[in-house]
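Given next are the chains, with one letter for each unit.
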Amino acid sequence: MSRAMRIGCAGWLLSLACTPLLAEPGLDTTLSLRLDGWSGERQLTDRGALIAASGWGRAVADLGSAGQITGQGWLRDTTRADGAPHGRVRELYWRTDRGPVSLRLGRQLIVWGRADGLNPTDNLSPRDLTLLVPNDADQRHGQDTASATLRSGLGDLTLLWMPHAASHTLPLPQTPGLSYRTARPPSQPQWAIKWEGRGQGIDGSVSYFRGHDPLPDLSIQADTASGVDILLRNQPARILGADLSVAQGDLVWRAEAAWLHTDSAGPQDFQHKKSQLWIVAGADWPLRSHTTLGLQLTAKRVFNHTSPDTLASPIERAVAQRQAAVSGQTAANQAGLLWRLAQRWRDERLRVETSGLILGPRRNGVARAQLDYALNDQLSLQLGVHWPFGALDTPFGQLSGNRVGYVQLRYGLTVPSVGF
C-alpha cells in the first residue's frame, strides 16, 4: 500500500472516530488526541527537541450476520521542517464467527507471547522502532493476514496465512562513507499455527512460524572508493515457540521460549543472523496495596557464534559488529534481568513506574521511568525518560543516541453504539 493510500485510510478511520455519525447503531469508536514534547528523535541523530501532535482512532462496525469490520490508525505532524504529516493504518480487517470457527481477513495486528517486555515467540507484527511513542506497543502495526481459529474443549487452534513478509523499521546511524538501503520484504507467502489451552489459573500455547524474520540482516553489497553500501534484508526463518502463565492468587508466573532456525552458513557467516534458543521466565508479585514488582530472567544461546573481532578488514568488522548488535547475538551465551516496579496513588489516578533490562556478559540495557496522571476521565498527562546504555557494539548500547525524555497530554473519547 502506498504512503498516500495509508494516509488516506488513516484519515478515513480517524474521521470516523471524529464524526457524530459514529453514534449511530452498529458502530463503536474511540479517539485519542495527543500532544507530545520530545527531547530528541529515535533516528540516532543529534537533532534536538520537537513537538508532535497526533490522532489515534479505532472503529468497529457491527454488520450483524455479515460479521464485523475493525479498523484503527493514526495521523501525526511535528514541528520539524522535514516532519510532514504522516500516518499508518495499523489494522483493517473483516471478521465473522460461525459456531466454533472464527475467521479474519485483512490487515491484522497479531501479538503472541505471555512474558512481559521480551517475547521470543512474537514474530508476526512488525514494529517501527523509530516512532516516537511513550508505549512500545504503539510501535506495532499489522500485516495482511488470513486467519482461522477453531475453538474446542481441547483448546483453540489458530492457522495464519500471510501473502508476503513484513519488516521492522530500524534506526540506523548516519556514518560518513556508509549508506543503507532497505530491500522490500519478500513477497513469498508465510504461515503460522498455534494451539492455545486454558485451565483453572493456567494458560499456555505452542506455536510454529515459517516465513521471514521481521528483523532484517545487514550485509555489505558494495565497497568502493566512494563508500560502502549496506543492504537490510529479511531472511527466511523457522520458529518453534511455547509460553505458559500460572496464577496463584495475586502472584503470576510467566515463561516463554523460542527456537529460531535460520539459513546461516555457519560460524564465519557474519552477515546473517544465526540459529538460537531464547528463554524468558519470571513472575509478578504484589508487594503491598497498589504496588507491583515484576522480575524476569532472560537467557539466550546462539549456535555457531564467532566474534566479529576476528575479521581483519575494518569495514567488514564494523558491519559484522553492527549486525551482531542488531540481531542481539553479540555473544554465544547471554543472560539478563528485566524489572518493572509500579505504584498507584490517589484512587488509581496516579501511576509511577520504573522498568528496564540489563544484559551480559557485556553490560548493556535500557532504563525507563514513567509517570501517568489521569486529570479526569478523558484527559491524562504522561512524563517519562528512555535511557539505553552500553558499548556501541552491544544491542542497547548501539541505541544510546536515542536517549529521550518526553511529556504527553492525551485526550480520549469513546462513542458507544447499541448495535444494529
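Note that this is a predicted model, so its numbers are computed, not measured.

Novice: Would you explain the pairing of strand 14 (residues 251-262) in this entry?
Specialist: Two faces make up the sheet, and in a regular strand the side chains alternate between them. Bridge count for strand 13 (residues 236-248) against strand 14 is 12 bridges, and the pairing is antiparallel. When the bridges of strand 14 are listed, Ala-247 appears paired with Val-252. Connecting strand 13 to the antiparallel partner strand 14 that follows it, the hairpin turn spans 2 residues, and Gly-249 within it adopts a positive phi of roughly 70 degrees. The pairing of strand 14 with strand 15 (residues 276-288) spans 9 bridges and is classified as antiparallel. Bridge pairing links Arg-254 to Gly-282 in strand 15.

Novice: What is the right way to look at the sheet that holds strand 12 (residues 227-233) in this model?
Specialist: Two orientations exist for strands paired in a sheet by backbone hydrogen bonds: parallel and antiparallel. With mixed pairing, the 3 strands of this open sheet are ordered in space as 8-12-11. Whereas interior strands pair on both sides, the edge strands pair on one side only; in this sheet they are strand 8 (178-182) and strand 11 (217-224). Put simply, the sheet's adjacent strands are angled 25 degrees from each other on average, direction ignored. Bridge count between strand 11 and strand 12: 7 bridges; the pairing is antiparallel. Considered in strand 12, the bridge of Asp-223 is made with Val-228. On the sheet, helix 2 (residues 314-327) packs against strand 11 and strand 12 and is oriented at approximately 165 degrees with respect to strand 11.

Novice: I keep staring at the pattern of salt bridges and nothing clicks. Help me out?
Specialist: A side chain of one charge can pair with a side chain of the opposite charge if their charged atoms are brought near each other. Enumeration according to the criterion identifies 19 salt bridges in this entry. A salt bridge links Asp-229 to Arg-181; its shortest N-O distance comes to 3.6 Å. Of the two residues, Asp-229 sits in strand 12 while Arg-181 sits in strand 8, which places them 48 residues apart along the sequence. Arg-362 is paired through a salt bridge with Asp-393; the nearest N and O atoms lie 2.9 Å apart. One end of the pair, Arg-362, is in the loop between strand 18 (350-360) and strand 19 (364-374); the other, Asp-393, is in the loop between strand 20 (379-389) and strand 21 (404-415), and 31 residues separate them in sequence.

Novice: What is the right way to look at the nonpolar core in this model?
Specialist: Nonpolar side chains tend toward joint burial in soluble globular proteins. Core analysis: the largest hydrophobic core is formed by 11 residues, namely Ile-110, Trp-112, Leu-124, Leu-160, Met-162, Ala-192, Phe-209, Ala-237, Ile-239, Ala-258 and Leu-260. Those elements that place two or more of their residues in this core are strand 7 (155-162), strand 13 and strand 14. Among the nonpolar cores identified, the runner-up in size contains 9 residues, and Leu-172, Val-228, Leu-232 and Val-326 belong to it.

Novice: Please explain the confidence of the model for the protein as it appears in this structure.
Specialist: In low-pLDDT segments, the atomic positions of the prediction should not be examined closely. Averaged over every residue, the pLDDT of the protein is 90; the share at 70 or more is 91%. Per-element confidence in the protein is highest for strand 7, whose mean pLDDT is 98, and lowest for helix 1 (residues 3-18), whose mean pLDDT is 46. Predicted confidence is poor over residues 1-8, with pLDDT under 50, and the contacts of this stretch with residues over four places away or in other chains come to 12 contacts.

Novice: I keep staring at the side chain of Arg-34 and nothing clicks. Help me out?
Specialist: Here Arg-34 is to be found in strand 1 (residues 27-38). Overall, the relative accessible area of 10% leaves Arg-34 in the buried class. Among the polar contacts made by the side chain of Arg-34, one reaches the side chain of Asp-138 at a distance of 3.2 Å.

Novice: I keep staring at unusual backbone geometry and nothing clicks. Help me out?
Specialist: Backbone geometry follows two general trends: most residues other than glycine have a negative phi, and most peptide bonds adopt the trans configuration. Residue Gly-360 is joined to Pro-361 through a cis peptide bond whose omega torsion reads 15 degrees. At His-290, a residue that is not glycine, the phi angle is positive and equals roughly 70 degrees. Tracing the chain through its elements places His-290 in the loop between strand 15 and strand 16 (291-302). Its identity is not glycine, yet Glu-348 carries a phi of approximately 75 degrees, on the positive side. Relative to the helices and strands, Glu-348 is located in the loop between strand 17 (333-345) and strand 18.

Novice: It is not clear to me how the environment of Ala-165 should be interpreted in this structure. Could you clarify?
Specialist: Looking at the secondary structure, you find Ala-165 in the loop between strand 7 and strand 8. Sequence separation between Ala-165 and Gly-211 is 46 residues; the distance between their C-alpha atoms is 7.1 Å. Beyond its immediate sequence surroundings of up to four residues, Ala-165 is in contact with Gln-143, Pro-185, Pro-186, Gln-188, Gln-190 and His-212.

Cut-offs applied
- Residues numbered from 1 in each chain as written.
- Predicted model: local features only at pLDDT ≥ 70, side-chain atom pairs only at ≥ 80, totals over all residues.
- Heavy atoms only, no water.
- Pairing = 2+ DSSP bridges.
- Helix = DSSP H or I, 4+ residues; strand = E, 2+ residues; numbered from the N terminus.
- Axes fitted to C-alpha atoms, helices over the stretch in contact; angles between N-to-C directions.
- Contact = heavy atoms within 4.5 Å.
- Salt bridge = Lys/Arg side-chain N within 4 Å of Asp/Glu carboxyl O.
- Core = buried A, V, L, I, M, F, W, Y, C linked by side-chain atoms within 4.5 Å.
- Buried < 20%, exposed > 50% of the residue type's maximum accessible area, 1.4 Å probe, protein only.
- pLDDT = per-residue confidence, 0-100.
- Polar contact = N/O pair within 3.5 Å; in protein donor to acceptor, adjacent residues only side chain to side chain.

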